[in-house]
Structures are given as C-alpha cells and as structure tokens.
Amino acid sequence: MSESVNPNSGTEPLLEVRDLRVRIERDTGVVRPLNDVSFRIHEGQSVGIVGESGCGKTMASNSLLRILPRRAEITGGSMEFSTKAGERVDLARIDPMSPRMRQIRGGEISMIFQEPMTAFSPVHTVYDQIAEMIRLHDPQADKQQRRQRVVELLNLVGIPDPEVRADDYSFQLSGGMRQRAMIAMALASSPRLLIADEPTTALDVTVQAKVLKLIERMQRELNIALMLITHDLGVVAHMVSYVYVMYLGRVVEEGRVEAIFHDPKHPYTAALLRSIPTRASKSQRLEPIAGNVPSADRLPTGCPFHTRCTEKVGDICHQHMPARVDMGGGHATSCFRHTDNRLDNLEEHDDG
Ligand SMILES: Nc1ncnc2c1ncn2[C@@H]1O[C@H](COP(=O)(O)OP(=O)(O)OP(=O)(O)O)[C@@H](O)[C@H]1O
Ligand code: SF4
Ligand SMILES: [Mg+2]
C-alpha cells in the first residue's frame, strides 16, 4: 500500500476531478451516468473507487481517457491533470482525438482492463505491441534498447523466460500471464497514473491474488499513482490508502481506507461492507443490499440512495440532495444523518 496521502491535503494533486457530469443521448431518453463526481489523486498515491455495478466507475475512468461511448458528452466539471512536463491540462476540455490527448492516453495515463484479450491484437506478438508502446512514447530508443526494455518489463511482471515468451502471441499465454503482459504494456510508457478497472475479475482466485500483489508492488516500486476500480471492497482494503464510494454517478463517501472500513458514515458504505466477507466480519452473516441500483436514465429525486436506504431520516431524503459534509481527517460523506438539515444546507435536486 502506498503512503497514506490525504487527497484533501494542501499539495496540488496529480489529478483533480471536480463536479464532473456526463450525459448520453439515447433514442429512448437521456442517461446520466455521472452527476457531479469529484475526486483527487496525488502523485504516487493509490486510490480505490468502489460501488456496485452501474454506479459509474468505468464511466469515470473512461472520461479521464476521453474514450466515452458514442453520443456521450461531458456537460460539466473539470479534470485537471499534471503532465510529466509540468503542465496542468483540463482533460474535460481537450479534443479527444488531438495528438495531445493521444500522448496523455497511454503516455501519461495507462489502463489495465478486465479482459487482457481486448488489450492485445491477435496478429502481433507481445514483443511487437509492447515495443510499439515504447516507440510511441520514447522515439529516441533504438531497436536494441526497445528489445531490452520489453524483456526487462516482462521480467519485472514475473513472466518466466521473458526473452523467449516476448515472441509469443497473447493467445499463447495463460490467462494470468496475459494479465501480467498487459500490466507490462501499461507500464511501458512510464505513466504517471495507472487505472486498473476490475483488473482481476476474469481470473481464478489464486491468480487474482498474485496479479493484485503485482499491481500493488509495481505501484509502490515505480511510484505510480493508482486508481483501482472495483465492486469488491475486500480488494481495496489491502491495495489502497484512500477510498471513494460511488453511487449513481456520485461520490457518497470518501476517506482513508481505515475510516471507510471501521467507521463508515454513509448507509450505502455500511451496507456494502455488510455484503462482503471481510476479515472482521468473517463470523457474521453476509447481508446483500436489498433492491438494485436504479437505472441511470431514471434517477430518483433527492438522495440517490433513498430508494434502498434503511436509515432514512424523513421526507427530506427524497426531497433534497444532501450536501457533502466534512467529517475531518479527509473523511467526508453526503447524507442527512450527518447534516443539521437546515434548509440553507440543502441543494435542490438538479436533474442537469
Ligand atoms: N453506452 C452506454 N449507453 C447508455 N448507458 C450506458 C452506456 N454505458 C454505460 N451506461 C450506463 O451508465 C451507468 C454507469 O455505467 P458504468 O459502466 O460506468 O458502471 P460501473 O460502475 O463501471 O459498473 P460495473 O461494475 O458493472 O462495471 C449505468 O447505468 C450504465 O447502464
Ligand atoms: S440522505 Fe437519507 S436516504 Fe440518503 S443515505 Fe442518508 S439517510 Fe439514507
Ligand atoms: Mg465498470
């Protein structure tokens, strides 16, 4: 686990996402997957983004890379990122097809996907693809240096016989090895930020643990910032220092991993914790969260969680949006249980 930097501390974050909104026009109506999402990641810090399926985790990371679906549009907010050259770029305002954005995508921010088959082309060897990544981001490196770097990277991620395996096609590798090779490819450009979106869901349990350990080690040794996206709170417990809990395209709670696990303030976080087997609750019965995440084309009014919350404080929960309340020590939540519920604290629900 990386240094526990508080993302709310004074130093300028590597990435600062503020009030990000995304909407998608569909023939059947408007989908709102992100509704005022805000989060920060400092240099070399590991941050977890958690929430059930459909909460907007992938949409948030794809927004950073500007690889949103067709007819999706960023309608508000900013995503300020510090490049290797020391410039501050707002990723929300940059042309997604521009050379600058292509350089940032891969060169500054790399992604490890859930399914490594999608990252590799079946018609090129692993060597060809990692070497191409190096060539794009370090045009000075000659052929021999690229070969050496690919072998080093494959060795670093634990591929046995890297000189030989480099010339394999991705389909010749086992699932776990393919995932390792994808991590090597993601690291080839020496990114400042590594996004891992459910990086091990497709692997069996023993391989999962090894790949997660590898990501954690790479993040620590290479001092890369990590944004780990998962629906599994158990995974983030061992991997990150700070957690953002998302629900229906919003961050409903954030804090240091210890605070989130031992003193959750939002009923959704508490419900998520009761639904996973953690060390602390191994003897207790797991309680799945009742109901489903509402569809992003039918957002409820008021607090997004009110349709499933078992701790509602009254009508206010479905009439108004709870504001973010700072609990101290970088811990914050948006829930009326933690506000004084004065009307001047209330934001009218905004369907943007
Ligand atoms: N291309 C699309 N068109 C319309 N709606 C979409 C599209 N892609 C995603 N959505 C919707 O946006 C919301 C957020 O989806 P997203 O994929 O970001 O969720 P997630 O948290 O990553 O879920 P999972 O854990 O299943 O990966 C969901 O309601 C989803 O149905
Ligand atoms: S604001 Fe109300 S409905 Fe929402 S999580 Fe808090 S108590 Fe539950
Ligand atoms: Mg996803």
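Here the structure is shown first, and the text comes after it.
Since we're looking at a predicted model, the values are computed, not measured. All chains use their own residue numbering, which begins from 1 and follows the written sequence. Ligands are numbered from 1 and chains lettered from A, in the order in which they are written. Since the coordinates come from a predicted model, pLDDT governs what is reported: local features require at least 70, and pairs of side-chain atoms require 80 or more to be given and counted, while whole-chain, interface and lining totals use all residues. Each side-chain value is derived from all of the structure's non-hydrogen atoms; neither hydrogens nor water enter the calculation.

**Q** What should I look at first to understand the pairing of strand S8 (residues 225–230) in this one?
**A** Here S8 lies mainly inside the structure; six of its six residues are buried. Whether a residue is buried, partly exposed or exposed follows from its accessible area with a 1.4 Å probe, protein chains only, as a fraction of its type maximum: under 20%, in between, or over 50%, in that order. Runs of H or I in DSSP of at least four residues are treated as helices and runs of E of at least two as strands, each being numbered from the N terminus. In S8, alternate side chains face the same way, and those of Ala225, Met227 and Ile229 on one face and Leu226, Leu228 and Thr230 on the other are all buried. Inspection of the sheet shows strand S3 (residues 46–50) paired to S8 by five bridges, in the parallel sense. Across the sheet, residue Gly48 finds its bridge partner in S8, namely Leu228. Pairing between strands is defined by DSSP: at least two bridges between the two strands are required. With five bridges connecting them, strand S7 (residues 193–197) and S8 associate as parallel partners. Across the sheet, Leu193 pairs through a bridge with Ala225, a residue of S8.

**Q** What should I look at first to understand the site of ligand 2 in this one?
**A** Residue proximity to a molecule or strand is established when one non-hydrogen atom of the residue lies within 4 Å of it. For ligand 2, the full set of nearby residues is His266, Pro267, Cys303, His306, Cys309, Glu311, Lys312, Cys317, Pro322, Cys335, Phe336 and Arg337. In terms of residue class, the shell around ligand 2 is built from seven nonpolar, two polar and three charged. Note on residue classes: Ala, Val, Leu, Ile, Met, Phe, Trp, Tyr, Cys and Pro are nonpolar, Asp, Glu, Lys and Arg are charged, and everything else, Gly too, is polar.

**Q** Explanation requested: the environment of His266 in the structure shown.
**A** Residue placement: His266 occurs in the loop between helix H9 (257–262) and helix H10 (267–274). Linking His266 and Ile130, residues 136 residues apart in sequence, is a C-alpha distance of 43 Å. The contacts of His266, once residues within four sequence positions are left out, are Val252, Glu253, Phe305, Thr333, Ser334 and Cys335. As used in this structure description, the phrase polar contact means that two N or O atoms lie within 3.5 Å; if the pair is within protein, one of them must be able to donate a hydrogen and the other to accept it, and residues adjacent in sequence are counted only when both atoms belong to side chains. A polar contact of 3.2 Å, which involves the side chain of His266, links it to the backbone oxygen of Ser334. Residues are treated as being in contact if the distance between any of their heavy atoms lies within 4.5 Å.

**Q** Sorry if this is basic, but what is going on with the site of ligand 1 here?
**A** What surrounds ligand 1 is a group of 15 residues, the closest being Ser53, Gly54, Lys57, Thr58 and Met59. The contact in question runs from a nitrogen atom of ligand 1 to an N or O atom on the side chain of Arg26, over 2.9 Å. Cys55 is positioned such that a nitrogen or oxygen atom in its backbone is 3.2 Å from an oxygen atom of ligand 1. Accessibility throughout is a Shrake-Rupley quantity obtained with a 1.4 Å probe, and a residue counts as covered only by protein chains that appear here. Computed on the free molecule, ligand 1 has an accessible area of 640 Å², of which 69% lies beneath the protein chains in the complex. Going through the elements one at a time, strand S1 (15–26), strand S2 (29–41) and helix H1 (57–65) are the ones with two or more residues in the shell around ligand 1. For the shell around ligand 1, the leading source of residues is H1, giving three residues. For the shell around ligand 1, the residue count by class is seven nonpolar, four polar and four charged.

**Q** Any chance you could explain the packing of helix H3 (residues 126–137) against helix H4 (residues 143–156) here in plain terms?
**A** Helix-helix packing: each pair is described by the crossing angle between the helix axes and the interaxial distance. The axes used here are C-alpha line fits, helices contributing only the stretch in contact, and every angle between their N-to-C directions lies in the interval 0 to 180 degrees. Viewed as axis vectors pointing N to C, H3 and H4 meet at an angle of 115°, and their least axial separation amounts to 9 Å. Classified by the interaxial angle, the pair formed by H3 and H4 is roughly perpendicular. Of the two possible hands of crossing, H3 and H4 adopt the one that is right-handed. Residue-level inspection shows Val126, Tyr127, Ile130, Ala131, Ile134 and Arg135 of H3 in contact with H4, the latter providing Lys143, Arg146, Arg147, Arg149, Val150, Leu153 and Leu154. Each angle gets one of four labels, with under 35 degrees taken as roughly parallel, over 145 as roughly antiparallel, 65 to 115 as roughly perpendicular, and the rest as oblique. Helix crossings get a hand from a simple test, with the near helix turned counterclockwise from the far one by less than a right angle marking a left-handed crossing and a clockwise turn marking a right-handed one.

**Q** Mind showing me how you'd approach helix H2 (residues 99–107) here?
**A** Every α-helix winds through 3.6 residues per turn, so residues three or four apart in the chain are directed the same way. By the burial criterion, the buried members of H2 are Met101, Ile104, Gly106 and Gly107. Where the residues of H2 are buried, they touch H1, strand S5 (88–90), strand S6 (109–112) and H3.

**Q** Hey, could you run me through the sheet that holds strand S12 (residues 325–328) in this one?
**A** The strands that make up a sheet pair up through hydrogen bonds in the backbone, lying either parallel or antiparallel. The sheet built from eight strands is open, its strands ordered S6-S7-S8-S3-S9-S10-S13-S12 with mixed pairing. Among the strands making up the open sheet, the edge pair consists of S6 and S12. Geometrically, the sheet is characterised by an average inter-axis angle of 20° between neighbouring strands, direction not taken into account. Pairing analysis gives four bridges linking S6 to S7, with the strands arranged parallel. Bridge assignment links Ile109 to a residue of S7, and that residue is Leu193.

**Q** I keep staring at the pattern of salt bridges and nothing clicks. Help me out?
**A** Opposite charge on two side chains lets them pair, provided their charged atoms get close. We define a salt bridge as a side-chain nitrogen of Lys or Arg found within 4 Å of a carboxyl oxygen belonging to Asp or Glu. In total, this model carries 23 salt bridges according to the counting rule given. Where Arg21 meets Asp36, a salt bridge forms, and the shortest distance between an N and an O atom there is 2.8 Å. Taken together, the residues Arg21 in strand S1 and Asp36 in strand S2 connect sequence positions 15 residues apart. Residue class for Arg21 comes out buried when judged on its relative accessible area of 17%. Taking the shortest distance from any N to any O, the salt bridge between Glu254 and Arg324 comes out at 3.3 Å. Residue Glu254 is found in strand S10 (residues 250–256), and its partner Arg324 is found in the loop between strand S11 (320–321) and S12; the two are separated by 70 residues along the sequence. Connected via shared salt-bridge partners are Glu16, Arg18, Arg40, Glu254 and Arg324.

**Q** Quick question: what am I supposed to make of a nonpolar patch on the surface here?
**A** Like charges within 9 Å and nonpolar side chains (Val, Leu, Ile, Met, Phe, Trp, Tyr) within 5 Å are joined into patches, using only residues over 30% in relative accessible area that form no salt bridge. Together, Met117, Tyr169 and Phe171 make up a nonpolar patch on the protein surface, roughly 280 Å² of accessible area in all. As for its position among the elements, Tyr169 is in the loop between helix H5 (162–165) and helix H6 (175–187). Since its relative accessible area comes to 31%, Tyr169 is described here as partly exposed.

**Q** Just checking my understanding: could you explain the nonpolar core for this structure?
**A** It is characteristic of soluble globular proteins that their nonpolar side chains tend to be buried jointly. Remark: nonpolar core denotes a set of buried residues (Ala, Val, Leu, Ile, Met, Phe, Trp, Tyr, Cys) joined through side-chain atoms within 4.5 Å. Judged by nonpolar contacts, the single largest core of 99 residues is most densely connected at Phe39, Leu91, Ile130 and Leu193. In terms of residue count, H6 provides more of this core than any other element does, eight residues in total. How far each domain reaches was decided by an automatic or database domain assignment. Both domains that furnish three or more residues to this core are identified here as domain 1 (1–94 + 194–293) and domain 2 (116–190).

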